[in-house]
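Listed here are the chains, written in short residue letters.
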Amino acid sequence: ENAQAYEMIVDRNSIGPDGFTGRYRTASQREKGDDFIEVQYQAPGIIRQKGRPRGKDSPLRFGAALHCMPLTLGRSRLLFRAYFTGLPPLAKLLITMKPKFLGNLNSCKILEQDAGLITTQEDHFKRSKRSLRDDYILLSSSDVFVKSYRQWLDKVGHGMPWFQGLATRSSNVNDHLAEIPPSPPGLDPIHHRAGNYVETRYHRHVMHCPTTRKALARIQTLKKGMLALTVVFITLSCGMATSEQLLARRVVKRMLKVMVPLIPVSSLVAAGLHKLEQRFFVSFKRKNQMSTEIGL
């Protein structure tokens, strides 16, 4: 919902075997005369950024590094780190108070917004056997770095185990695409298209991150505890309410007054914990606009 046009510049004299540099800013930042965010692409798969995201008059500075580590054909592991300086005290407090695992899950959400389109594009190029140059529509307001990166791969990809450039790709990429079994692109891919690997947020992040993994274990334990309490409260309340002898005792009436309201409370807490638990097992949605045989 925050998408807008960008001014993106690649330093042509920087393009070489080690990567390239460039800069970008939004259209609104350009109108205000704000500085660019500097970008450095380092071979084989590191992207670094630094700059003033709120403009030249703001003390806020940020830096980020995205590391892409290929695991095998069709699979990579991403590591993303970012830092901020110049934050106001209240913002620092809010960031400190926010559980780290929630920030991690939000980062996963950002990745998943792109993963559906990327895997659907993979389906299309598998069916059509065309190059990216044939079907990619690269906009100067958003895709300058994508084009430069793919063109860079066309020049240096021959020295890599595999590559997918804008106009060319290694033969083993063709073999990899041919091995992917056909599947309607509109499906929600619990089984990822690259090698039928079980692919949810749990497999992409949680099982590799101790902080998020421990948070999930605590949530699951607490949910089971709330469910157990609900069952206990219901059982005791029913037993007491059906016994006239017990109801005649004042202490039993007091216990019922406490336990009966706790039944919906514990149930709602368990339901809320279950909903939070599901955020650890999210998959991504494939894009329906490429579900035809033509694909585009």
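Heads up: these notes are all about the structure in this document. Everything numeric here is computed off the predicted structure, so don't read it as measured data.

## With respect to the overall build of the chain
In step 1: Within the chain one finds 10 helices and 6 strands.
In step 2: Taking all 296 residues of the chain together, the buried fraction comes to 33%.
In step 3: Of all intrachain contacts in the chain linking residues separated by at least 6 positions in sequence, the fraction that spans at least 24 positions is 50%.
In step 4: Summed over its atoms, the accessible surface of the chain is roughly 18700 Å², and 59% of this surface lies on carbon and sulfur atoms.

## Some thoughts on the nonpolar core
Generally speaking, nonpolar side chains in soluble globular proteins are found buried as a group.
In step 1: One finds Met8, Val10, Phe20, Tyr24, Phe145 and Trp152 to be the most contacted residues of the largest nonpolar core, which totals 15 residues.
In step 2: In this structure, Val10 is in contact with Ile15, Phe20, Thr21, Gly22, Val144, Phe145 and Ser148, ignoring residues within four places of it in sequence.
In step 3: Membership of the second largest hydrophobic core comes to 10 residues, among which are Phe101, Ala215, Leu216 and Ala270.

## Focus: the packing of helix 3 (residues 100-128) against helix 8 (residues 210-241)
In step 1: One way to put it is that helix 3 packs onto helix 8 with a least axis distance of 9 Å and a crossing angle of 110 degrees. When the axis of helix 3 is compared with that of helix 8, the two are roughly perpendicular. As helix 3 runs across helix 8, the sense of the crossing is left-handed. Contact residues: Lys100, Phe101, Asn104 and Leu105 in helix 3; Thr211, Thr212, Ala215 and Ile219 in helix 8.
In step 2: Of the residues belonging to the contact of helix 3 with helix 8, the class tally is 4 nonpolar, 3 polar and 1 charged.

## Some details on the packing of aromatic side chains
In step 1: As enumerated under the stated definition, the model contains 9 aromatic pairs in all.
In step 2: By the ring-pair criterion, three or more aromatic residues cluster together here, those being Phe20, Tyr41, Tyr149 and Trp152.

## Examining the sheet that holds strand 6 (residues 75-85)
In step 1: The sheet built from 6 strands is open, its strands ordered 1-2-3-4-5-6 with antiparallel pairing. Strand pairing shows two members of the sheet lacking a second neighbour, strand 1 (6-10) and strand 6, which therefore form its edges. Pairwise comparison of adjacent strand axes, ignoring direction, gives a mean angle of 15 degrees for this sheet.
In step 2: Pairing of strand 3 (residues 37-42) with strand 4 (residues 46-51), which is carried by 5 bridges, proceeds in the antiparallel orientation. From the neighbouring strand, Gln42 faces strand 4, where its bridge partner is Ile46.

## Focus on the pattern of salt bridges
Two side chains bearing opposite charge may form a pair once their charged atoms approach each other closely.
In step 1: All told, the structure shown has 6 salt bridges when counted by the stated rule.
In step 2: We note a salt bridge from Arg23 to Asp11, for which the minimum N-O separation is 2.8 Å. In this pair, Arg23 is assigned in strand 2 (residues 19-26) and Asp11 in the loop between strand 1 and strand 2, connecting sequence segments 12 residues apart.
In step 3: Overall, the relative accessible area of 17% leaves Asp11 in the buried class.
In step 4: Here Arg130 makes a salt bridge to Asp135, at a shortest N to O gap of 2.9 Å.

## Concerning a positive patch on the surface
In step 1: Among the surface-exposed residues, Arg250, Lys253, Arg254 and Lys257 lie close enough to one another that they form a single positively charged patch.
In step 2: For Arg250, a relative accessible area of 63% corresponds to the exposed category.

## Structural notes on the pairing of strand 6
In step 1: As judged from the 11 bridges shared by strand 5 (residues 61-72) and strand 6, these two strands associate in the antiparallel manner. Within the sheet, the bridge partner assigned to Gly63 lies in strand 6 and is Tyr83.
In step 2: In this structure, the hairpin formed by strand 5 and strand 6 is closed by a connection of 2 residues, where Gly74 is found at a positive phi of approximately 85 degrees.

## Observations regarding helix 8
In step 1: Look at helix 8: 46 Å from first C-alpha to last across 32 residues, which is about the 46 Å you get at 1.5 Å a residue.
In step 2: Listed in full, the buried residues belonging to helix 8 are Thr212, Ala215, Leu216, Ile219, Lys223, Met226, Thr230, Phe233, Ser237 and Met240.

## Overview of the environment of Val146
In step 1: The topology assignment puts Val146 in helix 5 (residues 144-156).
In step 2: A relative accessible area of 35% places Val146 in the partly exposed class.
In step 3: Each C-alpha atom of the pair Val146 and Leu166 lies 9.2 Å from the other, and the pair is 20 residues apart in sequence.

Analysis parameters
- Residues numbered from 1 in each chain as written.
- Predicted model: local features only at pLDDT ≥ 70, side-chain atom pairs only at ≥ 80, totals over all residues.
- Heavy atoms only, no water.
- Helix = DSSP H or I, 4+ residues; strand = E, 2+ residues; numbered from the N terminus.
- Buried < 20%, exposed > 50% of the residue type's maximum accessible area, 1.4 Å probe, protein only.
- Contact = heavy atoms within 4.5 Å.
- Areas by Shrake-Rupley, 256 points an atom, 1.4 Å probe, with all protein chains shown as cover.
- Core = buried A, V, L, I, M, F, W, Y, C linked by side-chain atoms within 4.5 Å.
- Axes fitted to C-alpha atoms, helices over the stretch in contact; angles between N-to-C directions.
- Parallel < 35°, antiparallel > 145°, perpendicular 65-115°, else oblique.
- Left-handed = near helix turned anticlockwise from the far one by under 90°.
- Nonpolar A, V, L, I, M, F, W, Y, C, P; charged D, E, K, R; others polar.
- Phe/Tyr/Trp six-rings, centres within 6.5 Å; stacked < 30°, edge-to-face > 60°.
- Pairing = 2+ DSSP bridges.
- Salt bridge = Lys/Arg side-chain N within 4 Å of Asp/Glu carboxyl O.
- Patch = residues over 30% accessible without salt bridge, like charges linked within 9 Å, V, L, I, M, F, W, Y side chains within 5 Å.
- Lys, Arg positive; Asp, Glu negative; His and termini not counted.
- Charge placed at Lys NZ, Arg CZ, Asp CG, Glu CD.
- Expected span 1.5 Å × (residues − 1).

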